[in-house]
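Inside the fold
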Amino acid sequence: LSIAVIRNNQVIKQSAYGLASIELNVPATLDTSYSLASMTKIFTASAVMLLVQDGKISLDDSITKVLRQLPAKWSHITIRHCLSHTSGLPDAITDDVNISMITGDRDELFKILEKMPLKGAGENSVYNQTGYTILGMIIEKISGIKYEQFVQERILNPAKITGAVFGDGWSIVPGRSNLYTSLQITADHSKLFVGKQGPVVMKDKIFHYGSKYMPDYMAPAGLINGTIRDLVNLENAFNEG
């Protein structure tokens, strides 16, 4: 655990506890990098709002207005719907415990999703990775640069976030902590076990967990790694406008 407590825009406590690697007996520090997983969506949402601030897009623009290659039947879905998980789109992930994707190819993904049923846009909030994949594509289309470059230039650099790196479990991220799980695994050791009632939690042990693997097109949904210092700098940047 690496933790920071901020009060009145001032850091009043920063500490690290335990091990970043149990196997190598490496302690966690304030510079330990962690997989931020879906906290990446904060960066993506901020990038979208920068484009809104720039007057380049509106939250109520249709996603097909920006991305004409998307299915025409999605024309009622807006950028706001994608941001708020109310798009009604089918999810790109089929198993959110093991992060199992429909496909690793983005173009193929949308061909498959086009054939799947939609739910009503704006009716319910259902956590969804597809919307944030689309938001990443919109950022690239409007800005003319790669999503990662836009986030680097417009968010990370101005916020003085120096330790953030994009990458999944295959990537070499200096100083990144190992992942562990207390969930039971399948008999063949290939993935986490999901029973009829959901994942099964073990009481007596943990396993090394290395399956945070996601295709690059999912970067806007969950592929940033960063330190507690990076998150403090992000919070400060928000507070300072």
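Conventions adopted
- Residues numbered from 1 in each chain as written.
- Predicted model: local features only at pLDDT ≥ 70, side-chain atom pairs only at ≥ 80, totals over all residues.
- Heavy atoms only, no water.
- Pairing = 2+ DSSP bridges.
- Helix = DSSP H or I, 4+ residues; strand = E, 2+ residues; numbered from the N terminus.
- Expected span 1.5 Å × (residues − 1).
- Buried < 20%, exposed > 50% of the residue type's maximum accessible area, 1.4 Å probe, protein only.
- Contact = heavy atoms within 4.5 Å.
- Polar contact = N/O pair within 3.5 Å; in protein donor to acceptor, adjacent residues only side chain to side chain.
- Phe/Tyr/Trp six-rings, centres within 6.5 Å; stacked < 30°, edge-to-face > 60°.
- Lys NZ or Arg CZ within 6 Å of the ring centre and 35° of its normal.
- Patch = residues over 30% accessible without salt bridge, like charges linked within 9 Å, V, L, I, M, F, W, Y side chains within 5 Å.
- Areas by Shrake-Rupley, 256 points an atom, 1.4 Å probe, with all protein chains shown as cover.
- Salt bridge = Lys/Arg side-chain N within 4 Å of Asp/Glu carboxyl O.

1. Digging into the sheet that holds strand S5 (residues 34-35)
Taken together, three strands build an open sheet; the order of strands is S5-S13-S8 and the sheet is antiparallel. The sheet terminates laterally at S5 and strand S8 (165-166), the two strands that pair on one side only. Inspection of the sheet shows S5 paired to strand S13 (residues 224-226) by two bridges, in the antiparallel sense. Bridging from a neighbouring strand, Tyr34 pairs with Gly226 of S13.

2. Comments concerning helix H8 (residues 228-239)
Compared with an ideal rise of 1.5 Å per residue, which puts 12 residues at 16 Å, H8 spans 17 Å between its outermost C-alpha atoms and is within 8% of the ideal. Within H8, the full set of buried residues consists of Ile228, Asp230, Val232, Leu234 and Asn236. The inward-facing, buried residues of H8 abut strand S1 (2-7), strand S2 (10-16), helix H1 (40-53), helix H6 (147-156) and S13. Between the side-chain oxygen at the start of H8 and the backbone nitrogen of Arg229 there is a gap of 3.3 Å, and the oxygen is on Thr227. Immediately downstream of H8, the backbone of Gly241 shows phi near 80°, a positive value.

3. Regarding the pairing of S1
Taken together, the six bridges between S1 and S2 define a ladder with antiparallel strand orientation. Its bridge partner lying in S2, Arg7 is registered against Gln10.

4. A closer look at the packing of aromatic side chains
Across all of its chains, the model carries three aromatic pairs by this definition. Measuring from centroid to centroid gives 6.1 Å for Trp74 and Phe110, while their planes differ by 65°, and the two rings are edge-to-face. Here the residue Trp74 occupies a position in the loop between helix H2 (63-66) and helix H3 (79-83), and Phe110 occupies one in helix H4 (residues 106-114), the gap between them amounting to 36 residues. On the basis of relative accessibility, which here comes to 8%, the residue Phe110 falls in the buried class. On the numbers, 5.7 Å between centres and 75° between planes, the contact of Tyr147 with Phe166 is edge-to-face. In this pair, Tyr147 is assigned in helix H6 and Phe166 in strand S8, connecting sequence segments 19 residues apart. The ring of Tyr132 carries Lys41 above its face, with NZ or CZ at 5.7 Å from the centroid.

5. Points about the side chain of Thr86
Tracing the backbone shows Thr86 in the loop between H3 and strand S6 (93-95). A residue is classified by how much of its surface remains accessible, and Thr86, at 13% relative accessible area, is buried.

6. A word on unusual backbone geometry
We note that Asn9 has phi near 65°; this positive angle belongs to a residue other than glycine. Secondary-structure assignment places Asn9 in the loop between S1 and S2. The partly exposed category is assigned to Asn9, whose relative accessible area is 47%. If you check the backbone angles, His189 has positive phi at about 60° while not being a glycine. On the secondary structure map, His189 appears in the loop between strand S9 (180-181) and strand S10 (194-195).

7. Some details on the side chain of Ser46
Relative to the elements of secondary structure, Ser46 occurs in helix H1. In this structure, Ser46 is in contact with Ile155 and Phe238, ignoring residues within four places of it in sequence.

8. Here's the deal with a nonpolar patch on the surface
A grouping of Leu1, Ile3, Val5, Ile12 and Tyr17 is seen on the molecular surface, where their side chains present a nonpolar patch of about 430 Å² in accessible area. In this fold, Val5 is placed in strand S1. Taking relative accessible area as the criterion, Val5 reaches 32% and is therefore assigned partly exposed.

9. Some points on the pattern of salt bridges
One pass over the full model with this rule turns up five salt bridges. A salt bridge links Asp60 to Arg80, with the nearest nitrogen and oxygen atoms 2.9 Å apart. Within this pair, whereas Asp60 is found in the loop between H1 and H2, its partner Arg80 is found in helix H3, the two being separated by 20 residues in sequence. Owing to a relative accessible area of 39%, Arg80 belongs among the partly exposed residues under this scheme. Its salt-bridge partner being Glu140, residue Lys146 comes within 3.6 Å of it at the nearest N-O pair. Relative accessible area serves as the criterion here: at 19%, Glu140 is assigned to the buried category.

Keep in mind that these numbers describe shape and distance, not what the molecule does.
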